[in-house]
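Summary of the model geometry
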Amino acid sequence: MHLRLIVPPGRTERILDTVLADPRVTSIVRLPGAAQRPQGDVIECDVTREATSDILAFLKTEGLYDDGAVALTSVESAPSRNARAAEKAAPGAPDDAVIWDAVLDQAYNEAGGSWVYYAFLTLATMIASIAVITDSAILVVGAMVVGPEFGVVAALAVGLFLRKRGLIVSSASLLVKGFALAIALTVVAVLLARAVGWVDVSNVTAARPLTGFIWRPDKWSAVVAVLAGCAGVLSQTAGRGNALVGVFISVTTVPAAGDLALSIALWAPHQIGGSAAQLGINLAGMTVAGVVTLQLQRTIWRSYLRLKRRAGARVEA
């Protein structure tokens, strides 16, 4: 990970001495007086993922979060001897280390909401309703990929795990408002389509071999939601965002919302309950799985570090 720090005057030497003494830190650069807002010296360095949380905790105690600035970016490749030596000095594997400050910052960003979030969720829900009308499995997958809801679900899990009340409230509120707006706008769109004769209730009640599962949740719906929640949170905390695509096309949150909107607009009451249950099962399953995954990651990592420290103490003795 690459760190760019703006250090207020008077604290540079202490911070610089600390990072220089840590073998897990390399490529250290000091630019005296280079920063203008806020004013101070600039320090840049590369830190192993395993050491990043330790370094960030130190910087927080030094007041850089309040009086200076901290920027963290991922280094895709560092093919140098210095980088390999720093990685060798850090215990564990990079993917196993969770950078909690970065996870929390990302969660707050996801829970902030934007018109783009509402737009993508609405478009995904409309695509899902068309998938139900046409009984198209391809469109179901497309709607899953377009849906942006998992980031907010992950933010809710982070808030619950770290007991951040504000994050819990904002992420849960965004989920409710987002799906409510997407379903409402989709209902309006379906009513317009019905008025011009494009759809009728038979599109919902007819046999749908490829999409009928959406409104018929079963035990496997819960199992998939839990597994997808584990995979999704793990991919975010380990910096493996490419795995999120698989998460998107595993859960039926958006398809259930599309089916629910269609059933309401064309009034198929026997499917409304099933679609709503499918939506709730997926959201609840992913959230609970996310909290459990975060707890396991913290427990396993702390246990590993304790074992390494004990092993090191025995060697020194």
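Before any of the text, the structure's been laid out above.
In this report, we go over the structure that sits alongside the text. (Residues numbered from 1 in each chain as written. Predicted model: local features only at pLDDT ≥ 70, side-chain atom pairs only at ≥ 80, totals over all residues. Heavy atoms only, no water.)

1. Re the environment of Leu234
Of note, Leu234 is situated in helix 11 (residues 219-237). For Leu234, a relative accessible area of 41% translates into the label partly exposed. The contact partners of Leu234, leaving out residues within four places of it in the chain, are Thr293 and Gln297. (Helix = DSSP H or I, 4+ residues; strand = E, 2+ residues; numbered from the N terminus. Buried < 20%, exposed > 50% of the residue type's maximum accessible area, 1.4 Å probe, protein only. Contact = heavy atoms within 4.5 Å.)

2. As for the packing of aromatic side chains
Both the distance between ring centres and the angle between the ring planes are used here to describe each pair of aromatic rings. By the definition in use, this model includes two aromatic pairs. On the basis of an interplanar angle of 75° and a centroid distance of 5.6 Å, the ring pair of Tyr117 and Tyr118 is categorised as edge-to-face. For Tyr117, a relative accessible area of 8% puts it in the buried group. The ring of Trp100 has Arg298 sitting right over it, with the charged end atom 4.8 Å from the ring centre. (Phe/Tyr/Trp six-rings, centres within 6.5 Å; stacked < 30°, edge-to-face > 60°. Lys NZ or Arg CZ within 6 Å of the ring centre and 35° of its normal.)

3. Brief notes about the sheet that holds strand 3 (residues 39-47)
With antiparallel pairing, four strands are arranged side by side in an open sheet as 2-3-1-4. Edge strands, defined here as strands with exactly one partner in the open sheet, are strand 2 (25-36) and strand 4 (69-73). Going across the sheet, the axis of each strand differs from the next one's by a mean of 15°, ignoring polarity. Where strand 2 lies against strand 3, seven bridges are found, and the strand directions are antiparallel. What sits directly across from Leu31, in strand 3, is Val42. Those strands touched by helix 1 (residues 12-21) are strand 1 (2-7), strand 2 and strand 3, and its axis lies near 165° from that of strand 2. (Pairing = 2+ DSSP bridges. Axes fitted to C-alpha atoms, helices over the stretch in contact; angles between N-to-C directions.)

4. Comments concerning the pattern of salt bridges
For the structure shown, the criterion picks out six salt bridges. For Glu13, the salt bridge goes to Arg30, with nearest N and O atoms at 2.9 Å. Here Glu13 is found in helix 1, whereas its partner Arg30 is found in strand 2, with 17 residues between them in sequence. By relative accessible area, Glu13 is classed as partly exposed at 42%. Note on Arg30: relative accessible area 35%, which makes it partly exposed. Where Lys60 meets Asp101, a salt bridge forms, and the shortest distance between an N and an O atom there is 3.8 Å. Pair noted here: Lys60 is in helix 2 (residues 49-61) and Asp101 is in helix 5 (residues 100-111), with a separation of 41 residues, a long-range link. Classification of Asp101 as partly exposed rests on a relative accessible area of 27%. Within the structure, one salt-bridge network assembled from shared partners comprises Asp22, Arg24 and Asp54. (Salt bridge = Lys/Arg side-chain N within 4 Å of Asp/Glu carboxyl O.)

5. Quick word on the nonpolar core
Formed by 52 residues in total, the largest nonpolar core has its most connected members in Val158, Leu167, Leu175, Phe179 and Leu283. Those elements that place two or more of their residues in this core are helix 5, helix 6 (115-134), helix 7 (137-146), helix 8 (149-162), helix 9 (165-195), helix 11, helix 13 (253-266) and helix 14 (269-316). Among the elements that make up this core, the one with the highest residue count is helix 9 (nine residues). Core analysis: the next-biggest nonpolar cluster, separate from the first, contains 18 residues, Val19, Val25, Ile43 and Leu56 among them. (Core = buried A, V, L, I, M, F, W, Y, C linked by side-chain atoms within 4.5 Å.)

6. Let's talk about the layout of surface pockets
What the largest pocket holds in volume is close to 1000 Å³. Secondary-structure elements contributing two or more residues to the lining of the largest pocket are strand 3, helix 2, strand 4, helix 4 (81-89), helix 5 and helix 11. Counting residues per element, the lining of the largest pocket draws most heavily on helix 5, at seven residues. Broken down by class, the residue content of the lining of the largest pocket amounts to 18 nonpolar, nine polar and nine charged. Taken as a whole, the second largest pocket encloses approximately 450 Å³ of empty space. At the level of elements, helix 2, helix 5 and helix 14 are the ones that each hand at least two residues to the lining of the second largest pocket. (1 Å grid on protein atoms, 1.4 Å probe; cavity = no way out; pocket = protein on both sides within 12 Å on 5 of 7 lines; lining within 4 Å. Points joined across faces, edges and corners; volume = space filled by probe spheres on them. Nonpolar A, V, L, I, M, F, W, Y, C, P; charged D, E, K, R; others polar.)

7. Digging into helix 11
Three- or four-residue spacings in an α-helix give side chains the same orientation, since the helix completes a turn every 3.6 residues. Over its 19 residues, helix 11 extends 28 Å from the first C-alpha to the last, a length consistent with the 27 Å expected when each residue adds 1.5 Å. Taken residue by residue, helix 11 has Ser221, Ala225, Ala228, Gly229, Gly232, Val233, Ser235, Gln236 and Thr237 as its buried positions. Between the side-chain oxygen of the N-cap and the backbone nitrogen of Trp220 there are 3.0 Å, and the N-cap of helix 11 in question is Asp218. Just downstream of helix 11 lies Gly239, where phi reads positive at about 70°. (Expected span 1.5 Å × (residues − 1). Polar contact = N/O pair within 3.5 Å; in protein donor to acceptor, adjacent residues only side chain to side chain.)

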